[in-house]
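Structural characterization, general
Here's the letter readout for the chains.
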Amino acid sequence: MNARTYVWAKIWSGRTLAVCLLAGLSSVVACVDTSGGRAVTAQEYCEEKAEVDCRKYWQCFSAIQRSDAEAELANQGRSLGTSQEQCTANLLAACTTKPFACPANTVFQEMTAASCIDALDSFACDKLVRPVAGTAPQCERVCTASTLGGT
């Protein structure tokens, strides 16, 4: 392993210490939060969020709301399925065929992702006024801009 190709760097981001793996000196490959607490990998995030999203979708939304959502998804060639189990199976399969990845020049935040899942899971149905994705502020910060420079 070449030191110029793989470099460990410690960064301080607010109160969170993270250890990042760099490929070369310009792109971040992965960051691991070392401050304690629950953390998930991108794959775990995708899988756990799939389960929570489907559970909340089937528990909280009426048959009419699910039918409207399913019609909109059908226009895009997608489907959540006709049961919570089928929804979960479909989304878990998507985690395998198209794994979750942050956009370029952003870093996956493992503890924020875990916090996102926990927040979504704790929402009462009456608080869900739009699809589950994006309802928790933490979920908007799962991928954040890299603080280590880059191109």
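Analysis parameters
- Residues numbered from 1 in each chain as written.
- Predicted model: local features only at pLDDT ≥ 70, side-chain atom pairs only at ≥ 80, totals over all residues.
- Heavy atoms only, no water.
- Helix = DSSP H or I, 4+ residues; strand = E, 2+ residues; numbered from the N terminus.
- Buried < 20%, exposed > 50% of the residue type's maximum accessible area, 1.4 Å probe, protein only.
- Contact = heavy atoms within 4.5 Å.
- Areas by Shrake-Rupley, 256 points an atom, 1.4 Å probe, with all protein chains shown as cover.
- Phe/Tyr/Trp six-rings, centres within 6.5 Å; stacked < 30°, edge-to-face > 60°.
- Core = buried A, V, L, I, M, F, W, Y, C linked by side-chain atoms within 4.5 Å.
- Axes fitted to C-alpha atoms, helices over the stretch in contact; angles between N-to-C directions.
- Parallel < 35°, antiparallel > 145°, perpendicular 65-115°, else oblique.
- Nonpolar A, V, L, I, M, F, W, Y, C, P; charged D, E, K, R; others polar.
- pLDDT = per-residue confidence, 0-100.
- Disulfide = S-S within 2.5 Å.

Assigned secondary structure in the chain consists of four helices and five strands. In sequence order, the chain lays out its α and β elements as β-β-β-α-α-α-β-α-β. Across the 151 residues that make up the chain, the buried fraction comes to 31%. Within the chain, contacts between residues separated by at least 24 positions form 58% of all contacts whose residues are at least 6 apart in sequence. Total accessible area on the chain is roughly 9,300 Å²; 55% of this is exposed by carbon and sulfur atoms.

Before going further, it helps to spend a moment on the packing of aromatic side chains. With the rule as written, the count across this model stands at five aromatic pairs. Consider the rings of Tyr 57 and Trp 58, whose centres lie 5.9 Å apart with planes at 85°: the pair is edge-to-face. Put simply, the rings of Tyr 45, Phe 100 and Phe 108 pair up and form one aromatic cluster.

Our next topic: the nonpolar core. Val 40, Tyr 45, Ala 113, Cys 116, Leu 120 and Val 142 are the most contacted members of the largest nonpolar core, which totals 13 residues. The set of elements that each furnish at least two residues to this core consists of helix H1 (42–60) and helix H4 (110–122). No other element matches the six residues that H4 contributes to this core. Dropping the residues within four chain positions of it, Val 142 is found in contact with Tyr 45, Phe 100, Cys 102, Val 107, Phe 108, Gln 109, Thr 112, Ala 113 and Cys 116.

One can describe the packing of H1 onto helix H2 (residues 63–75) by two numbers: an axis separation of 8 Å at closest approach and a directional angle of 130°. One way to sum up the angle between H1 and H2 is to call them oblique. Taken together, the residues of H2 that come into contact with H1 (itself represented by Tyr 57, Trp 58 and Cys 60) are Gln 65, Arg 66, Ala 69 and Glu 70. Here the residues of the contact of H1 with H2 sort into four nonpolar, one polar and two charged.

To continue, consider the confidence of the model for the chain. Regions with low pLDDT carry predicted coordinates that are not meant to be interpreted in detail. Chain-level pLDDT for the chain is 74 on average; 67% of the residues reach the 70-or-more range. When pLDDT is averaged over each helix and strand of the chain, the minimum, 29, is found for strand E1 (residues 6–13) and the maximum, 94, for strand E4 (residues 106–108). Here residues 1–30 is modelled with pLDDT under 50, and outside its nearest four sequence neighbours on either side it reaches 60 contacts, counting other chains as well.

This part takes up the state of the cysteines. Counted under the stated rule, the structure contains five disulfides. The partner cysteine of Cys 102 in its disulfide is Cys 143, sulfur to sulfur 2.0 Å. Measuring the twist about the S-S bond at about -80°, one finds the Cys 102-Cys 143 disulfide to be left-handed. Residue Cys 102 is located in the loop between helix H3 (84–97) and E4, and its partner Cys 143 is located in strand E5 (residues 143–145); the two are separated by 41 residues in the primary sequence. Cys 116 shares a disulfide with Cys 139; S-S distance 1.9 Å. Negative torsions about the S-S bond denote left-handed disulfides, and the value of about 90° found for Cys 116 with Cys 139 makes this one right-handed. With Cys 116 in helix H4 and Cys 139 in the loop between H4 and E5, this pair connects stretches of sequence that are 23 residues apart. Judged on exposure class, the residue Cys 116 and its partner Cys 139 are both buried.

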